[in-house]
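Here is how the chains run, residue by residue.
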Amino acid sequence: TQLLEQSPQFLSIQEGENLTVYCNSSSVFSSLQWYRQEPGEGPVLLVTVVTGGEVKKLKRLTFQFGDARKDSSLHITAAQPGDTGLYLCAGVDSGGSNYKLTFGKGTLLTVNP
Amino acid sequence: GAGVSQSPRYKVAKRGQDVALRCDPISGHVSLFWYQQALGQGPEFLTYFQNEAQLDKSGLPSDRFFAERPEGSVSTLKIQRTQQEDSAVYLCASSRPPSLRGYTFGSGTRLTVV
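Here's what I pulled together on the structure shown here. (Residues numbered from 1 in each chain as written. Chains lettered and ligands numbered in written order. Predicted model: local features only at pLDDT ≥ 70, side-chain atom pairs only at ≥ 80, totals over all residues. Heavy atoms only, no water.)

1. A short note on the overall build of chain A
Scanning chain A for helices and strands turns up zero helices and 11 strands. Ordered by position from the N terminus, the helices and strands of chain A form the series β-β-β-β-β-β-β-β-β-β-β. Computed over its C-alpha atoms, the radius of gyration of chain A comes to 13 Å, within 12% of the 13 Å expected for a compact globule of 113 residues. Seen through its C-alpha atoms, chain A measures out along the principal axes to roughly 45 × 30 × 20 Å. (Helix = DSSP H or I, 4+ residues; strand = E, 2+ residues; numbered from the N terminus. Rg over C-alpha atoms; globule rule 2.2 N^0.38 Å.)

Structural data, given as structure tokens:
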């Protein structure tokens, strides 16, 4: 069973601050996905990274996949209250099925105005 | 439809009652998944369908859980003789072929067993 560990578990910051959240595993993943989940809703896909060392940018969000494809980070620049939510990373195991997602427990981000 | 639709949004069941949760995936999406999300946790895989075939049910926690997708579109997750530990949000997701590039999730059904 692969484990994805996310840190920090909780993060509360002021509007305009920068932040980074981390997703780490001992397993190698074919791909790693980041989702944001708001209360009472399902996770919404933000990005998928598939190549070791890959960096993707989505407006103020920057995602990086580790060279060994075992870890990833999400950096948010100038956070806004609308960024508040649960950020989940999820991986597809390179040695297993090509469809089953393993999720971390998430980072609950609160951006205060 | 435009998105993955789940019903009911909320369900309160008395312990021992049977429940049925419905998922209507995006039209044309071959793959359908059920996940269980306990409070404060990330979603955990339950089962996977490709069209009407249930290809993986390894995540179903017990034989009280049963899922079907008889015509390859709408799916139902049934839980028999519900227990308090079944309380969770049940999420459905769909995609075209099994995709390394992400899935579309519904809003979930929050099941509370009392």
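From this point, the discussion proceeds with the structure in view.
2. Observations concerning the sheet that holds strand E3 (residues 19–24) of chain B
Residues and elements named next belong to chain B. Ordered by their spatial adjacency, four strands build an open sheet running E1-E3-E8-E7, and the pairing between neighbours is antiparallel. The sheet terminates laterally at strand E1 (5–7) and strand E7 (65–68), the two strands that pair on one side only. Going from strand to strand, the sheet's axes swing by 15° on average, the running direction of each strand aside. As judged from the four bridges shared by E7 and strand E8 (residues 75–79), these two strands associate in the antiparallel manner. Following the sheet pairing, Glu68 is matched in E8 by Thr76. (Pairing = 2+ DSSP bridges. Axes fitted to C-alpha atoms, helices over the stretch in contact; angles between N-to-C directions.)

3. Topic: the interface of chain A and chain B
Listed as interface residues are 23 residues of chain A and, on the opposing side, 22 residues of chain B. When the two sides are added together, the surface that chain A and chain B hide from each other amounts to roughly 1800 Å², 52% of it contributed by carbon and sulfur. On inspection of chain A and its partner chain B, the count reaches one salt bridge. The residue Lys100 of chain A makes a salt bridge to Asp56 of chain B at a minimum N-O spacing of 3.6 Å. On the surface where chain A and chain B come into contact, there are eight residue pairs in polar contact (both at pLDDT 80 or more). Looking at the side of chain A that touches chain B, the elements with two or more residues in it are strand E4 (29–37), strand E5 (44–49), strand E9 (85–93) and strand E10 (101–103) of chain A. Of all the elements, E4 of chain A adds the most residues to the side of chain A that touches chain B, at five residues. Partitioning the side of chain A that touches chain B into residue classes produces 10 nonpolar, nine polar and four charged. (Contact = heavy atoms within 4.5 Å. Buried area = accessible area lost by both parts, 1.4 Å probe. Salt bridge = Lys/Arg side-chain N within 4 Å of Asp/Glu carboxyl O. Polar contact = N/O pair within 3.5 Å; in protein donor to acceptor, adjacent residues only side chain to side chain. Nonpolar A, V, L, I, M, F, W, Y, C, P; charged D, E, K, R; others polar.)

4. With respect to the pattern of salt bridges
All names here are of chain A. The tally for this structure, following the rule as stated, stands at seven salt bridges over all chains. A salt bridge links Arg60 to Asp83, with the shortest nitrogen-to-oxygen separation between them at 2.9 Å. Residue Arg60 is located in the loop between strand E6 (55–58) and strand E7 (61–65), and its partner Asp83 is located in the loop between strand E8 (71–76) and E9; the two are separated by 23 residues in the primary sequence.

5. Describing the sheet that holds E7 of chain A
Residue and element names in this part refer to chain A. The antiparallel open sheet is built from five strands, whose spatial order is E1-E3-E8-E7-E6. Each having just a single partner strand, strand E1 (5–7) and E6 make up the two edges of the open sheet. Strand-to-strand twist across the sheet, computed as the mean angle between neighbouring axes with direction ignored, equals 15°. When strand E3 (residues 19–24) meets E8, the two strands line up antiparallel, connected through six bridges. Looking across to E8, one finds that Tyr22 is bridged to Ser73.

6. Topic: the side chain of Gln36 of chain B
Residues and elements named next belong to chain B. Counting through the fold element by element, Gln36 comes out in strand E4 (residues 31–37). Polar contacts involving the side chain of Gln36 include one to the side chain of Tyr90, which spans 2.9 Å. Gln36 has contacts with Gly42, Pro43, Glu44, Leu46, Phe65, Asp86, Ala88, Val89 and Tyr90, leaving out every residue within four places of it along the chain.

7. Comments concerning the packing of aromatic side chains
Taken as a whole and judged by the stated rule, the model has 13 aromatic pairs over all chains. Relative to Phe105 of chain B, the ring of Tyr35 of chain A has its centre 5.6 Å away and its plane inclined at 85°; by these criteria the two rings are edge-to-face. Taken together, the residues span two chains, with Tyr35 of chain A in strand E4 and Phe105 of chain B in strand E10 (residues 104–105). Aromatic rings pair up to connect Tyr35, Tyr99 and Phe103 of chain A together with Phe33, Tyr35, Phe45, Tyr48, Tyr103 and Phe105 of chain B into one cluster. (Phe/Tyr/Trp six-rings, centres within 6.5 Å; stacked < 30°, edge-to-face > 60°.)

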